[in-house]
Amino acid sequence: MRRILINLCILLMSFKFQSSSETKPDRNWSKNIDSICFYASTRGDTIVTVTDRVTVLSLSGEIISKTLPLDYLKDLKDGQHSFCYLSDKTLLFIKNQYEITKLSLSGEKLWSKSLRDTIPDAVCNDFVEDNAGNLYLCGNVSYQSAFLISISHDGEILFCSDESSYGNFHSIALSDQIIYLVSSAPSSYFPSAILSFSMGGEFVGKFADDSTGTILALKDGHIYSLGSKDGAALFKTKFFATRDILLKKFDPNGVLLDSKVFDFGKYENPMGLVEQNDGLVMITSSDETVNMGTNILNYFITKIDENMQKKWQIHFGTDSSGLGGISQHKRTFFANYTGIILASHNDTLDMYTVTISPIFKPQIPSPVSQAENIWIYDLKGRMLPFNGKRFDPVANASAVYLQKKKTAIEAEKAIILMHIGK
């Protein structure tokens with residue numbers, strides 16, 4: 001009997017070890033596209049890429065349609081543009097950190113607005129789209145005030161609200177009933193708390209104090225926060241400074257359940273966090289530059305299971321150049337819930353498919369509402385003089401710029417250095 005129990009324990013341990021790791025996905029295909037890829041994404045059975053034109057491909061990589069080169073896609077500056085493939089099969093195009101345009105896949109401009117017509121110097125950090133196609137956006141004005149704004153699918157402002165105690169909203173996530181925001185104090189670049197708002201833009205309360213992440217994701221009734229943490233030691237081999245990836249898991253009441261540090265290199269930055277049926281996918285980068293020598297960047301897509309254990313990892317790079325930057329390496333990354341991964345390098349697009357099993361997804365219950373200290377912010381986080389009353393902007397109020405997006409991540413050396421400098 002004792003021997004049977006021992007063998008059973010060995011078998012269970014072996015099964016646990018085998019199930020704790022998975023084989024990383026193979027590349028389905030690699031395709032050369034017209035020119036440098038600024039954005040790649042997928043919805044349903046189509047893939048959309050943005051170069052100097054908009055191209056629609058099948059999941060097998062065959063071209064379905066392609067526009068002619070578009071004037072407004074020429075001479076895009078690094079770090080000054082972003083795109084998103086929306087649920088109504090249109091593209092959101094954000095340029096120069098405040099100009100927002102909605103495009104058809106044929107390249108037609110459906111509507112266009114400027115955030116700075118309403119809020120000078122405003123900067124939008126992140127957004128999320130709801131099931132009706134409405135956008136919820138967050139950001140700051142000079143890190144002195146934060147804002148939350150909602151814009152309808154046809155470009156009308158639905159609400160604009162603020163919380164005067166905070167200087168910036170870094171990231172946003174959306175459940176069926178609650179909006180979650182990563183916040184920081186005025187004049188601070190570093191995240192400090194997760195807040196909750198109603199779907200109408202009214203402050204509900206502080207969800208969690210212990211947040212150092214700048215990226216949020218919701219999964220199976222829990223909230224995950226992805227950020228970074230200074231290395232445990234000042235030196236890693238011959239490097240002066242180090243930083244690791246930090247992932248935190250909260251329950252629906254804001255209680256910290258788990259915290260995990262991942263060390264994939266020297267000076268690491270979070271770039272994206274995507275929910276999948278059986279876990280999460282992290283997109284991160286690592287700056288391996290030795291002191292003031294040649295710039296060296298690596299990129300990683302890493303699968304994490306429900307227990308925050310690493311399952312597999314795809315490594316991209318290594319990109320290197322002199323001190324002038326790595327502008328000759330343009331990379332974008334995308335991952336979605338169905339297990340599709342897109343990665344571009346200059347004019348080459350690769351597709352990977354992750355095998356995942358369907359799992360029931362419970363919704364996150366709403367926290368207890370505390371509608372107090374409600375303020376009004378401009379589109380970009382500047383407090384508006386409405387004495388705490390609700391601000392319902394007129395129909396011709398201007399729109400919003402998105403500096404960062406969740407649906408796809410652009411890897412730019414300039415952006416990473418700016419973030420480090422802050």
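Because the structure is predicted, anything quoted here is derived from the model rather than measured.

(A) How the structure looks around the confidence of the model for the chain. Of all residues in the chain, 74% have pLDDT values of 70 or greater, and the mean over the chain is 78. Confidence over residues 10-20 falls short of pLDDT 50; this stretch has 3 contacts with residues more than four positions distant or in other chains. Below a pLDDT of 50 lies the segment residues 359-422, which in the model reaches 228 contacts outside its immediate sequence neighbourhood of four places, other chains included.

(B) Spotlight on the pairing of strand β11 (residues 135-141). Counting buried positions along β11 yields 7 of 7 residues, so the element is predominantly enclosed. Burial along β11 is two-sided: the face carrying Leu135, Leu137, Gly139 and Val141 and the face carrying Tyr136, Cys138 and Asn140 are both buried. Across 7 bridges, the pairing between strand β10 (residues 122-129) and β11 is antiparallel. Its bridge partner lying in β11, Glu129 is registered against Leu135. Between β10 and β11, which pair antiparallel in sequence order, lie 5 residues; one of them, Gly133, sits at a positive phi of approximately 90°. As defined by bridge partners, β11 adjoins strand β12 (residues 145-151) across 7 bridges and the pair is classed as antiparallel. Each bridged residue has a counterpart across the sheet, and for Val141 the counterpart in β12 is Ser145. In sequence, β11 turns back onto β12 through a hairpin of 3 residues, with Ser142 there showing a positive phi of about 55°.

(C) Local environment of the packing of aromatic side chains. For the coordinates displayed, the defined rule picks out 14 aromatic pairs. Measuring from ring centre to ring centre gives 6.0 Å for Phe169 and Phe197, while their planes differ by 75°; the resulting arrangement is edge-to-face. With Phe169 in strand β14 (residues 168-174) and Phe197 in strand β16 (residues 193-198), this residue pair connects regions lying 28 residues apart in the sequence. There is no split in this pair, since Phe169 and Phe197 are both buried. Here Phe264 and Phe300 contribute two aromatic rings whose centre-to-centre distance is 5.7 Å and whose plane-to-plane angle is 40°, an arrangement assigned as tilted. Of this pair, Phe264 sits in the loop between β21 (256-262) and β22 (267-276) while Phe300 is found in strand β24 (residues 295-304), placing the two residues 36 residues apart along the sequence. For the pair shown, Phe264 and Phe300 are each scored as buried. In this structure, Lys260 packs its charged tip against the face of Phe262, placed 5.9 Å from the ring centre.

(D) Examining the side chain of Asn134 more closely. The residue Asn134 is located in the loop between β10 and β11 in this model. If near-sequence neighbours (up to four positions away) are discounted, Asn134 is found in contact with Val128, Glu129, Ser150, Ile151, Ser152, His153 and Leu158.

(E) Spotlight on the sheet that holds β11. One open sheet holds the 4 strands; their spatial order is β10-β11-β12-β13, and the pairing between them is antiparallel. Strand pairing shows two members of the sheet lacking a second neighbour, β10 and β13 (157-162), which therefore form its edges. Between one strand and the next, the sheet's axes are offset by a mean angle of 20°, whatever the strand orientation.

(F) Inspection of the nonpolar core at higher detail. Residues Leu73, Phe83, Leu91 and Leu92 are the most contacted members of the largest nonpolar core, which totals 30 residues. Leave out the neighbours within four places in its chain, and Leu73 touches Phe38, Val50, Thr51, Asp52, Arg53, Val54, Phe83 and Phe93. Counting 16 residues, the second-largest nonpolar core is a separate cluster that includes Val274, Ile301, Ile314 and Tyr352.

(G) Fine view of unusual backbone geometry. Cis geometry is found at the peptide bond from Gly317 to Thr318, where omega equals 5°. Topologically, Thr318 is positioned in strand β25 (residues 310-321). Although it is not a glycine, Ser187 adopts a positive phi angle of roughly 65°. Tracing the chain through its elements places Ser187 in the loop between β15 (178-184) and β16. Among the residues examined, Ser187 registers a relative accessible area of 52% and is labelled exposed. Residues other than glycine seldom take positive phi values, yet Met308 does so here, at roughly 65°. As for its position among the elements, Met308 is in the loop between β24 and β25.

(H) Broad picture of the pattern of salt bridges. Counted according to the given criterion, the structure contains 12 salt bridges. Residue Lys66 is joined to Asp34 by a salt bridge in which the shortest nitrogen-to-oxygen separation is 3.4 Å. Pair noted here: Lys66 is in strand β5 (residues 63-66) and Asp34 is in the loop between β1 (27-32) and β2 (39-43), with a separation of 32 residues, a long-range link. Judged by its relative accessible area of 40%, Lys66 falls in the partly exposed class. The closest approach of N and O atoms between Arg53 and Asp52, which form a salt bridge, is 3.0 Å.

(I) View of the pairing of strand β8 (residues 99-103). Within β8, 4 of the 5 residues are buried, which leaves it mostly tucked inside the rest of the structure. Examined bridge by bridge, strand β7 (residues 91-95) and β8 share 5 bridges and lie antiparallel to one another. Counterpart to Leu91 in the pairing with β8 is Leu103. In sequence, β7 turns back onto β8 through a hairpin of 3 residues, with Asn96 there showing a positive phi of about 60°. Inspection of the sheet shows β8 paired to strand β9 (residues 109-114) by 5 bridges, in the antiparallel sense. Following the sheet pairing, Leu103 is matched in β9 by Lys109. Linking two consecutive strands that pair antiparallel, namely β8 and β9, is a turn of 5 residues; a positive phi of about 95° is found at Gly107 within it.

Calculation notes
Residues numbered from 1 in each chain as written. Predicted model: local features only at pLDDT ≥ 70, side-chain atom pairs only at ≥ 80, totals over all residues. Heavy atoms only, no water. pLDDT = per-residue confidence, 0-100. Contact = heavy atoms within 4.5 Å. Buried < 20%, exposed > 50% of the residue type's maximum accessible area, 1.4 Å probe, protein only. Helix = DSSP H or I, 4+ residues; strand = E, 2+ residues; numbered from the N terminus. Pairing = 2+ DSSP bridges. Phe/Tyr/Trp six-rings, centres within 6.5 Å; stacked < 30°, edge-to-face > 60°. Lys NZ or Arg CZ within 6 Å of the ring centre and 35° of its normal. Axes fitted to C-alpha atoms, helices over the stretch in contact; angles between N-to-C directions. Core = buried A, V, L, I, M, F, W, Y, C linked by side-chain atoms within 4.5 Å. Salt bridge = Lys/Arg side-chain N within 4 Å of Asp/Glu carboxyl O.

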